[in-house]
Amino acid sequence: MDFEMHDTAEMAAFRKEVKDTFSQIIPKELIVSPYDEDVTPEQEAMRRKIGLELGAKGWLRPMWPKQYGGGGLSIDHAIVLEQEIDQYEITIPPYSDSGAGLGGPAIMVWANEEQKQTFLPKMATGEWASWQLLTEPHGGSDLASTKTTAIKDGDEYVLNGTKTFVGTTDTQPDWLWTITLTDPKGPRHQNLSWFVIPAGLPGIMIQPLDLLNGSGGAKCSVFFEDVRVPAFNLIGGENNGWKVAATHLELEHGGGGTVRGTRQVERFIEYCKTTAFNGETIASDPAVRDAIADILTDDNVATLFGLRNFWMSHSKKRMSYEGSQSSFFRKMGGLRKSGLMQQVLGYLAVTSDKAMAPGEGWVDSYMKSSIISVHPGGTQDVQRVIMARRMGIGRTAKEEAGQMPD
Ligand SMILES: Cc1cc2nc3c(=O)[nH]c(=O)nc-3n(C[C@H](O)[C@H](O)[C@H](O)COP(=O)(O)OP(=O)(O)OC[C@H]3O[C@@H](n4cnc5c(N)ncnc54)[C@H](O)[C@@H]3O)c2cc1C
């Protein structure tokens, strides 16, 4: 079976245009590194500038409708853009913008027209970078137990509470996309609401967290103390937040899929092929070749799940458990693959010293990030729970996937 994607004539012409443009707008000085200290404010500014240039061409959110600042382009164009920017080891957007990536589609489904006209173009052009704020200190898996309150006071809501493990110190946010408790006495799932919040409002404090990190900056806590947010910024109606959450979470749990690959496995294999001890390359050991075959198989299955979900979501196939299946496999696959790499390389796999770290530090970074990656977007346990509910296991009614934009 041929899983490769082949260009149509239109895609080939667009690919040429994209290649030419990227070679002009992506500076040679842009650093892609596993070392956090390499991501300086100047590097962050470079990424934001690339984002603005992509936004001006409609390539930052290529498939969003033109009237909301997107490119109005087809899936074929989006694939070309993703594949070509991947050559530079960056993504679209090239900076962290989790609020727009997950909140944007939720806003498209649930906001009124005036809100869409106000918020979406700022996200689509790169004028705003954003963080998504869901997790709270008492626990992230049970999102319905959100405790940050947003209490209506005239034309405003007053927010109090804490979100944690959010954002990244790599990208400073212009706005925040967050779920709150609007009816503290209301029934579970009917007491929540979402807000688009300017990050600079009085009473918002952002504090970096000191955690085990791979590349990608530090996570933060965000504190809200009597923060007054205009009622206009409430999305999807008061106490309707659980439905908005379903759209957001479907994407966060892998329902959108991906056409991107990962480079860390390639880097590990290259290191094994080119590094020799006692005159023999690491890869010449039959046991190492066995481990490499297992790692590659695992990695390819994850890629195929990503491709399948990309195809399903963009061709509007009805989805069920597929997002969480892909997320679960990636999370557990990361642990399996990093475990095998560690068996092969031993102490070297967890060495970050720039003089001797395998894969220029990426193998050590992968060891850390494969552990960290079990948590974001819901842990592996939560993915299991979702798959069971979508398949109707342990319940009388099957749970539906969240509503996606048209
Ligand atoms: C690198 C990173 C990036 C992140 N980015 C963001 C972000 O941008 N925005 C944001 O809001 N949050 C973010 N998070 C937080 C993430 O969403 C939470 O860590 C996650 O939802 C789990 O919540 P928790 O850590 O509080 O664990 P808990 O919810 O307290 O869970 C603890 C343990 O209990 C298990 N568990 C929980 N519920 C069940 C269940 N029903 N059945 C079986 N087992 C269960 C979990 O699997 C876990 O092992 C990020 C986390 C990390 C590590």
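These numbers come from a predicted model, not from an experiment. (Residues numbered from 1 in each chain as written. Predicted model: local features only at pLDDT ≥ 70, side-chain atom pairs only at ≥ 80, totals over all residues. Heavy atoms only, no water.)

A. Here's a closer look at the overall build of the protein. Along the protein, the regular secondary structure elements total eleven helices and ten strands. Its C-alpha atoms give the protein a radius of gyration of 22 Å, near enough to 22 Å, the size a compact globule of 406 residues would have. When the backbone C-alpha atoms are referred to their principal axes, the protein occupies close to 75 × 45 × 45 Å. The 406 residues of the protein split such that 49% are buried. Partitioning the intrachain contacts of the protein with sequence separation of at least 6 by distance along the chain shows that 74% fall at a separation of at least 24. Looking at the protein as shown, the accessible area adds up to about 19,400 Å², and 54% of this sits on carbon and sulfur atoms. (Helix = DSSP H or I, 4+ residues; strand = E, 2+ residues; numbered from the N terminus. Rg over C-alpha atoms; globule rule 2.2 N^0.38 Å. Buried < 20%, exposed > 50% of the residue type's maximum accessible area, 1.4 Å probe, protein only. Contact = heavy atoms within 4.5 Å. Areas by Shrake-Rupley, 256 points an atom, 1.4 Å probe, with all protein chains shown as cover.)

B. Quick peek at the site of the ligand. Close contacts around the ligand come from 18 residues, with T135, G140, S141, T379 and D381 the closest. A distance of 2.7 Å is found between an oxygen atom of the ligand and a backbone nitrogen or oxygen belonging to G140. Within the side chain of D381, one N or O atom sits 2.5 Å away from an oxygen atom of the ligand. Burial of the ligand by the surrounding chains reaches 67%, relative to a free accessible area of 980 Å². When contributions to the shell around the ligand are tallied by element, the ones reaching two or more residues are strand 1 (130-133), strand 3 (156-166) and helix 11 (380-391). Looking at the shell around the ligand residue by residue, the class counts come to seven nonpolar, nine polar and two charged. (Near = heavy atom within 4 Å. Polar contact = N/O pair within 3.5 Å; in protein donor to acceptor, adjacent residues only side chain to side chain. Nonpolar A, V, L, I, M, F, W, Y, C, P; charged D, E, K, R; others polar.)

C. View of helix 8 (residues 286-314). Here helix 8 spans 42 Å end to end across 29 residues, near enough to the 42 Å set by a 1.5 Å rise per residue. Where helix 8 begins, the side chain of D285 points an oxygen toward the backbone nitrogen of A287, at a separation of 2.8 Å. (Expected span 1.5 Å × (residues − 1).)

D. Quick peek at the pairing of strand 1. On strand 1, burial covers both faces: S130 and Q132 on one face and W131 and L133 on the other are all buried. The sheet contact formed by strand 1 and strand 4 (residues 175-181) spans four bridges and is parallel. In the strand pairing of strand 4, W131 is matched with L176. (Pairing = 2+ DSSP bridges.)

E. Structural context of helix 2 (residues 41-56). Look at helix 2: 23 Å from first C-alpha to last across 16 residues, which is about the 22 Å you get at 1.5 Å a residue. All buried positions along helix 2 are accounted for by Q43, E44, M46, R47, R48, I50, G51, L54 and G55. Where helix 2 is buried, its residues touch helix 1 (9-25), helix 3 (75-86) and helix 5 (113-124). G58 occupies a position one or two residues after helix 2 and carries a positive phi of about 80 degrees.

F. Molecular detail of the environment of I26. Relative to the assigned elements, I26 resides in the loop between helix 1 and helix 2. Its relative accessible area of 7% is what places I26 among the buried residues. Expressed as a C-alpha distance, the spacing of I26 and K116, which sit 90 residues apart in the sequence, is 30 Å. If near-sequence neighbours (up to four positions away) are discounted, I26 is found in contact with I50, I85, Y88 and I90.

G. Fine view of the pattern of salt bridges. The tally for this structure, following the rule as stated, stands at 19 salt bridges. Of the charged contacts, one joins D174 and R48 as a salt bridge, the two residues approaching to 3.2 Å between their closest N and O atoms. Here D174, found in the loop between strand 3 and strand 4, pairs with R48, found in helix 2; they are 126 residues apart in sequence, far enough to count as distant. Between D153 and R228 there is a salt bridge; the shortest N-O distance is 2.5 Å. Taken together, the residues span a long stretch of sequence, with D153 in strand 2 (residues 149-153) and R228 in strand 7 (residues 220-230) at a distance of 75 residues. D153 gets classed as partly exposed once you look at its relative accessible area, which sits at 40%. (Salt bridge = Lys/Arg side-chain N within 4 Å of Asp/Glu carboxyl O.)

H. Region of the structure containing the domain arrangement of the protein. Domain parsing of the protein yields domain 1 (9-95), domain 2 (130-245) and domain 3 (256-391). On a C-alpha basis, the centres of domain 2 and domain 3 stand 31 Å from each other. (Domains from an automatic or database assignment.)

I. Structural context of unusual backbone geometry. The step from I92 to P93 runs through a cis peptide bond, and the omega angle for that step is -5 degrees. Along the chain, P93 falls in the loop between helix 3 and helix 4 (98-110). Of note in the backbone geometry, H189 takes a positive phi value of approximately 75 degrees without being a glycine. Of note, H189 is situated in the loop between strand 4 and strand 5 (192-198). For N239, which is not glycine, the phi dihedral falls at a positive 65 degrees. Following the sequence through the fold, N239 ends up in the loop between strand 8 (234-235) and helix 6 (241-255).

J. The nonpolar core, seen in detail. Core analysis: the largest hydrophobic core is formed by 25 residues, its most contacted members being I107, M123, W177 and V196. The next biggest cluster of nonpolar side chains, apart from the first, holds 22 residues, and it includes M11, V18, L60 and F310. (Core = buried A, V, L, I, M, F, W, Y, C linked by side-chain atoms within 4.5 Å.)

K. Summary view of the packing of helix 7 (residues 264-274) against helix 8. Packing of helix 7 against helix 8 brings their axes to within 11 Å, and their N-to-C directions diverge by 165 degrees. In terms of orientation, helix 7 and helix 8 fall into the roughly antiparallel class. The crossing of helix 7 and helix 8 is left-handed. Every residue of helix 8 that contacts helix 7 at V265, F268, I269 and C272 is listed here: I292, I295, L296 and D299. For the contact of helix 7 with helix 8, the per-class residue count stands at seven nonpolar, no polar and one charged. (Axes fitted to C-alpha atoms, helices over the stretch in contact; angles between N-to-C directions. Parallel < 35°, antiparallel > 145°, perpendicular 65-115°, else oblique. Left-handed = near helix turned anticlockwise from the far one by under 90°.)

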